[in-house]
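Coordinate analysis (summary)
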Amino acid sequence: MEIPVQLKQSTYSIIIERGCLDRLHQYISLQRKVYIISDDGIPTTYAQQVKKQCKYGFIHIVPQGEKSKSLDVYQEIIQELLKLRFSRKDLIVTIGGGMVSDLGGFVAATYMRGIDFVNIPTTTLAQIDASIGGKVAVNIGNLKNIIGAFYQPKLVCIDPDTLQTLPKRHYVNGIVEAIKAGLLCDPSLFKLIQHGDIFQDYETILQKAILVKKNIVEKDEKEAGLRTILNFGHTLGHALESCYELQDVLHGECVAIGMLAFTHDPILKKQLCTLYEALGLATSLPYHIEDVYNKIVNDKKTDAEYINIVELSTIGIYEIKNIKIEAIKQYL
Ligand SMILES: NC(=O)c1ccc[n+]([C@@H]2O[C@H](COP(=O)([O-])OP(=O)(O)OC[C@H]3O[C@@H](n4cnc5c(N)ncnc54)[C@H](O)[C@@H]3O)[C@@H](O)[C@H]2O)c1
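Residues numbered from 1 in each chain as written. Predicted model: local features only at pLDDT ≥ 70, side-chain atom pairs only at ≥ 80, totals over all residues.

1. Quick look at the sheet that holds strand S4 (residues 56-62)
- Read across the sheet, seven strands follow the order S1-S2-S9-S6-S5-S3-S4 without closing on themselves; strand pairing throughout is mixed. Where the open sheet ends on each side, the last strands, each with one partner, are strand S1 (2-6) and S4. Strand-to-strand, the axes of this sheet are offset by a mean angle of 15°, without reference to chain direction.
- Note that strand S6 (residues 116-121) and strand S9 (residues 155-158) share two bridges and pair parallel. Pairing of Val 118 across the sheet is with Leu 155, part of S9.
- The sheet contacts of helix H1 (residues 44-51) involve strand S3 (33-39), S4 and strand S5 (91-96), and relative to S3 the element is tilted by about 170°.
- Contacting S1 and strand S2 (11-16), helix H7 (residues 202-219) crosses the sheet at an angle of about 15° to S1. (Pairing = 2+ DSSP bridges. Helix = DSSP H or I, 4+ residues; strand = E, 2+ residues; numbered from the N terminus. Axes fitted to C-alpha atoms, helices over the stretch in contact; angles between N-to-C directions. Contact = placed C-beta atoms within 7 Å.)

Shown next as structure tokens:
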């Protein structure tokens, strides 16, 4: 299946196909230098499968975990690209979860003012969300995504077979972004996750969630308005990730708590809790309100006094509100 993403200045395809990892050369030219970035938690066979198809392929493995989304690792990669004499005509391929696609995408966005890149997402979170839409970034300390860009890939190649090696906790973590897409824009997607089987129904869940994000990104690539709704659950989610110092909790697990806090309808809240419990997600996390509040104040989406929040009344009914930053405490 091929889903085109049509933006004002570029168009690219999202390919969803079992086995497409071995057929990357059919979708994009690998007759140039190709720098493959992956992490050491991901089976190396995936990077090897891609390297085999390249005329000049190089593999760079970074340590797994959010700490690699850093300026240090970024600089290391840039220095190696220079040493290998990569030009703007060459290609970067990321193979991994959202950490690798954010890091590799940011390298691509900035190396010589921009070089082509391809995302091959291997977690549910990256397939459903992080690999599409062109947000790329690194962290500073435990402040998430504070240096970044909007920079679109040339291709996203999704091979659902790569999920066979993904631990269950990470699998469920990414499904949270599909729950978000369903809650905001596609009740049938939410129902499918609620009543179906997230493993058996994965490809349908993936397609529906990608269509939600694609339609939003096509209308508002740089988050000037509508795309803000995709931050539903993320203001609190990111703050929780920072409070937990990016260690004990996963992105989706924190976003799940964030979505609960910003959903009004008590019946829907209850349904969400039931769903989280069935999936093995927490319905609450211990935190100090002042700590979380301070993280939110430091978040890049705030200006001095006001903050944008996304509230969900019930499925499909959302509102973007610009509120005084102190007022966020009532949601915490
Ligand atoms: N750019 C965006 O739009 C966007 C959206 C959401 C999240 N994000 C970012 O994504 C990141 C989180 O992404 P994530 O949840 O994918 O985490 P991750 O990239 O850290 O991957 C999670 C773990 O799974 C392992 N792994 C990955 N693929 C595997 C596979 N197929 N088999 C076995 N192990 C595998 C990795 O080694 C890692 O240990 C965060 O940095 C978050 O900020 C970005």
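Anyway, onward from the coordinates.
2. Brief notes about helix H8 (residues 234-243)
- Most of H8 sits inside the fold, with nine of its ten residues counted as buried.
- For H8, every residue scored as buried is listed here: His 234, Thr 235, Leu 236, Gly 237, His 238, Ala 239, Leu 240, Glu 241 and Ser 242.
- If you follow the buried residues of H8, they end up packed against strand S8 (143-150), helix H9 (251-261), helix H11 (289-298) and strand S10 (306-314).
- Of the residues one or two after H8, Glu 245 is the one with positive phi, at around 50°. (Buried ≥ 20, exposed ≤ 12 C-beta atoms within 10 Å, placed from the backbone.)

3. Things to note about the nonpolar core
- By size, the foremost hydrophobic cluster in this structure holds 87 residues, and its most contacted members are Ile 92, Val 93, Ile 95, Ala 178 and Ala 209.
- Ranked by residue count, the leading element in this core is helix H5 (residues 168-185), at nine residues.
- Excluding its chain neighbours within four sequence positions, the residues that come into contact with Ile 95 are Ile 36, Ser 38, Ile 42, Tyr 46, Ala 47, Val 50, Val 100, Ile 120 and Thr 122. (Core = buried A, V, L, I, M, F, W, Y, C linked by C-beta atoms within 7 Å.)

4. So, the packing of H8 against H11
- Interaxial distance between H8 and H11 falls to 9 Å at its minimum, and their mutual angle equals 110°. With respect to H11, the element H8 is oriented roughly perpendicular. Seen from above, H8 lies across H11 with right-handed handedness. For the pair H8 and H11, contact is made by Thr 235, Leu 236, Ala 239, Leu 240, Ser 242 and Cys 243 and by Asp 291, Val 292, Lys 295 and Ile 296, respectively.
- Partitioning the contact of H8 with H11 into residue classes produces six nonpolar, two polar and two charged. (Parallel < 35°, antiparallel > 145°, perpendicular 65-115°, else oblique. Left-handed = near helix turned anticlockwise from the far one by under 90°. Nonpolar A, V, L, I, M, F, W, Y, C, P; charged D, E, K, R; others polar.)

5. Topic: unusual backbone geometry
- A positive phi angle, near 50°, is found at Asn 145, a position not held by glycine.
- Inspection of the secondary structure assignment puts Asn 145 in strand S8.
- The residue Glu 223 is not glycine, and still its phi comes out positive at about 60°.
- Position of Glu 223 relative to the elements: it lies in the loop between H7 and H8.

6. Quick look at helix H3 (residues 98-110)
- The first and last C-alpha atoms of H3 sit 18 Å apart over 13 residues, in line with the 18 Å expected at 1.5 Å per residue.
- Among the 13 residues of H3, twelve are classified as buried, and the element is accordingly described as predominantly covered.
- Those residues of H3 that fall on the buried side of the exposure criterion are Gly 98, Met 99, Val 100, Ser 101, Asp 102, Leu 103, Gly 104, Gly 105, Phe 106, Val 107, Ala 108 and Ala 109.
- In the stretch just after H3, Met 112 is the one whose phi turns positive, near 50°. (Expected span 1.5 Å × (residues − 1).)

Without other data, these values stay purely geometric and don't point to any function.
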